[in-house]
Amino acid sequence: MSNELTVGKAASAVFLANPQNFDEAMRIAKVLANSDMVPKDYKGKPENCLVALQWGADVGLPGLQALQNIAVINGRPSIWGDAALALVMAHPAYAGHREWMEGEGENRVACCAVTRKGSPEHVQRFSVADAKKATLWGKQGPWQQYPDRMMQMRARGFALRDRFADALRGLSIGEESQDITERDMGTVEREPVPPAATQQPEDPRAPALPAYPDDRFAENLPTWKGLVAEGRKSGAALVAMLSTKAVLSDAQRAQLIALDNPADPAPELTPEQSDFVGQMEGTEQ
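Only a predicted model underlies this, so the values are computations on that prediction, with no experimental measurement involved.

J.: Please provide a residue-by-residue account of the overall build of the protein, values included.
T.: The number of helices and strands found in the protein is 14 helices and six strands. The buried share of the protein, reckoned over its 285 residues, is 33%. Restricting the contact set of the protein to residue pairs at least 6 apart, pairs at least 24 apart contribute 54%. Total accessible area on the protein stands at roughly 18,600 Å², and carbon and sulfur atoms take up 53% of it.

J.: Describe in detail the sheet that holds strand E4 (residues 109–116), supporting the description with residues and values.
T.: Taken in spatial order, the three strands make up an open sheet running E3-E4-E5, and their pairing is antiparallel. On the outer flanks of this sheet lie strand E3 (94–102) and strand E5 (122–127), each paired with one strand and no other. Strand-to-strand twist in this sheet, taken as the mean axis angle between neighbours without regard to direction, amounts to 15°. Where E4 meets E5, six bridges bridge the pair, whose relative direction is antiparallel. Looking at the pairing, Val109 lines up with Ser127 of E5. Packing of helix H8 (residues 147–163) onto the sheet brings it into contact with E3, E4 and E5, and relative to E5 it is tilted by some 150°.

J.: Can you lay out the pairing of E3 for me, pointing to particular residues and giving the numbers?
T.: Consecutive residues of a regular strand have side chains that alternate between opposite faces of the sheet. Taken together, the eight bridges between E3 and E4 define a ladder with antiparallel strand orientation. Bridging from a neighbouring strand, Met101 pairs with Ala110 of E4. Taking the residues between adjacent antiparallel strands as the criterion, E3 and E4 are bridged by six residues, where Gly103 takes a positive phi near 75°.

J.: An account of the sheet that holds strand E2 (residues 76–79) is needed here, citing residue identities and associated values.
T.: If you walk across this open sheet you meet the three strands as E1-E2-E6, and the pairing is mixed. With one partner strand each, in any of the chains shown, strand E1 (70–73) and strand E6 (172–173) form the two edges of the open sheet. When E2 meets E6, the two strands line up parallel, connected through two bridges. Bridging across to E6, Ser78 finds its partner in Ser172.

J.: Mind laying out the pattern of salt bridges, listing which residues take part and the relevant values?
T.: Two side chains carrying opposite charge are able to pair once their charged atoms lie near each other. According to the stated counting rule, one finds 12 salt bridges in the structure shown. Salt bridges sharing common partners tie together Asp82, Glu99, Arg149 and Arg156.

J.: How would you explain the packing of aromatic side chains if you had to name every residue and give the values?
T.: Counted by the stated rule, this structure contains three aromatic pairs. Summarising the aromatic geometry, the rings of Tyr212 and Phe217 are spaced 6.0 Å apart at their centres and angled 90° between planes, so their arrangement reads as edge-to-face. The exposure classification of Tyr212 matches that of Phe217, with both residues buried. Taken together, the ring pairs in this structure connect Phe126, Trp143 and Phe158 into an aromatic cluster.

J.: Residue-level account of the pairing of E1, with values.
T.: Two strands pair when backbone bridges link them, and E1 and E2 are joined in this way by four bridges, in the antiparallel orientation. Bridged to Ile70 within E2 is Ile79. If you look at the hairpin formed by E1 and E2, you'll find two residues sitting between the two strands, and Asn74 has a positive phi there, around 55°.

J.: Help me get a handle on the side chain of Ser78, residues and values and all.
T.: Mapped onto the secondary structure, Ser78 falls in strand E2. We classify Ser78 as buried; its relative accessible area is 1%. A distance of 2.9 Å separates polar atoms of two side chains, one belonging to Ser78 and the other to Ser177. Ser78 has contacts with Asn69, Ile70, Ala71, Ile73, Leu171, Ser172, Ile173, Gly174 and Ser177, leaving out every residue within four places of it along the chain.

Definitions and limits used
Residues numbered from 1 in each chain as written. Predicted model: local features only at pLDDT ≥ 70, side-chain atom pairs only at ≥ 80, totals over all residues. Heavy atoms only, no water. Helix = DSSP H or I, 4+ residues; strand = E, 2+ residues; numbered from the N terminus. Buried < 20%, exposed > 50% of the residue type's maximum accessible area, 1.4 Å probe, protein only. Contact = heavy atoms within 4.5 Å. Areas by Shrake-Rupley, 256 points an atom, 1.4 Å probe, with all protein chains shown as cover. Pairing = 2+ DSSP bridges. Axes fitted to C-alpha atoms, helices over the stretch in contact; angles between N-to-C directions. Salt bridge = Lys/Arg side-chain N within 4 Å of Asp/Glu carboxyl O. Phe/Tyr/Trp six-rings, centres within 6.5 Å; stacked < 30°, edge-to-face > 60°. Polar contact = N/O pair within 3.5 Å; in protein donor to acceptor, adjacent residues only side chain to side chain.

See the structure below:
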């Protein structure tokens, strides 16, 4: 009897040994995908088989165990709760775990405590209230048939991921993943923002600016023309500066902008005009 067991162990260690290259791994995956001994998610899908085998190798599950315990749920690999616990129990830092149920009826709470060497016991809970909040309570399927078991898997998954993330390597718990519904959120189209919407809103407390008097504008226009001719200002700069003090009409704005391309040479500024320019520039600064 002992000889047979020894042979059996040796044979299992050799069977499906680590492939030496990708082609060998793919051949193994094709054989498994064409068999009737793999879950339906892997039936006829050698690529999925290969990915599951690789995930199993990463976390320490042998080939066939990986195919039985790693599932593709919502496009992501997940590991069933019993296999997750097996990986944690095989971890060198595992020091023990406990699972129990508290309360009765609607007050039931599933609890899982896991201990890592050198750390205090870590407890996670999942209650009927939590299941209702997540819209799981009474959901068709396992939540109707085995509600206590599903609560147990939730508490277990939280506790194991909290303390043994290095053992699970990012794999989700299958019982939890199957309750997550993927939704197509569609494509977001960005609508153009009107230019006015990009401007800062006016302060309602700020006083309204008066209109710039036409007679005063005509009086100061020669001075502004001299500023532009001397290169001290531009028509656009004058529009920006004057708009902080009064509301310019469209005609006034056009006249100031036209100063950048004068048809006639501007007269030299008189001393009085120079004083006015200095005062205006000082106010601007």
